[in-house]
Amino acid sequence: MYRIILRSVGNPDFGQDPYQPMSPTEEIMVDTLQQAAEAARAYIVRHDLGGGNFPSPRVFKGNQVVARISYNGRIWLPPDGGWDDEDPNDWRRWREAPG
């Protein structure tokens, strides 16, 4: 079982507060990473979110982050050495899941 936590933030490009949510946070349990990606896309559509409103959610298996989902629904696996949220270029090392 996987767990994905879906949330949104304000987009400062549109004068929105990036510290305020634009929709309620949802925690969803799914059986596959593909279902996690589908849940993320459904959340985006349901709440009419743009890319600047949607921080890439983490997908957990137990307490370990095993993937992230991007706005376009792509599934990303952790880079060699793991995620580094302090590095603004960390996303460049993410590996797309085989599809």
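So, here is what we can say about the structure in this document. (Residues numbered from 1 in each chain as written. Predicted model: local features only at pLDDT ≥ 70, side-chain atom pairs only at ≥ 80, totals over all residues. Heavy atoms only, no water.)

Examining the side chain of S23
Link 1 in the chain: By secondary structure assignment, the location of S23 is in the loop between strand 1 (2-6) and strand 2 (26-30).
Link 2 in the chain: Overall, S23 belongs to the buried group, its relative accessible area being 8%.
Link 3 in the chain: Within polar-contact distance, the side chain of S23 engages the side chain of S8 at 2.8 Å.
Link 4 in the chain: A distance of 2.6 Å separates polar atoms of two side chains, one belonging to S23 and the other to Y43. (Helix = DSSP H or I, 4+ residues; strand = E, 2+ residues; numbered from the N terminus. Buried < 20%, exposed > 50% of the residue type's maximum accessible area, 1.4 Å probe, protein only. Polar contact = N/O pair within 3.5 Å; in protein donor to acceptor, adjacent residues only side chain to side chain.)

A few points about unusual backbone geometry
Link 1 in the chain: In this model, D48 sits at a positive phi of 55 degrees, which is unusual for a non-glycine residue.
Link 2 in the chain: Checked against the element boundaries, D48 lands in the loop between helix 1 (33-46) and strand 3 (58-61).

Digging into the nonpolar core
Generally speaking, a soluble globular protein has its nonpolar side chains buried in company with each other.
Link 1 in the chain: Counting residues in hydrophobic clusters, the biggest one holds 20 residues, and the most contacted among them are L33, V59 and I69.
Link 2 in the chain: Within the residue set of this core, elements represented by two or more residues are strand 1, helix 1, strand 4 (64-69) and strand 5 (75-77).
Link 3 in the chain: Not counting the four nearest positions on each side in its chain, I69 is found in contact with I4, L33, A36, A37, A40, F54, S56, P57, V59, R74 and I75. (Core = buried A, V, L, I, M, F, W, Y, C linked by side-chain atoms within 4.5 Å. Contact = heavy atoms within 4.5 Å.)

Describing the pairing of strand 3
Link 1 in the chain: Pairing between strand 1 and strand 3: 2 bridges, direction antiparallel. When the sheet's bridge partners are listed, R3 is paired in strand 3 with F60.
Link 2 in the chain: Pairing geometry for strand 3 and strand 4, over 4 bridges, is antiparallel. Within strand 4, the position partnered with V59 by the bridge is A67.
Link 3 in the chain: The antiparallel pairing of strand 3 with strand 4 creates a hairpin that spans 2 residues between the two strands, and G62 there sits at a positive phi of about 70 degrees. (Pairing = 2+ DSSP bridges.)

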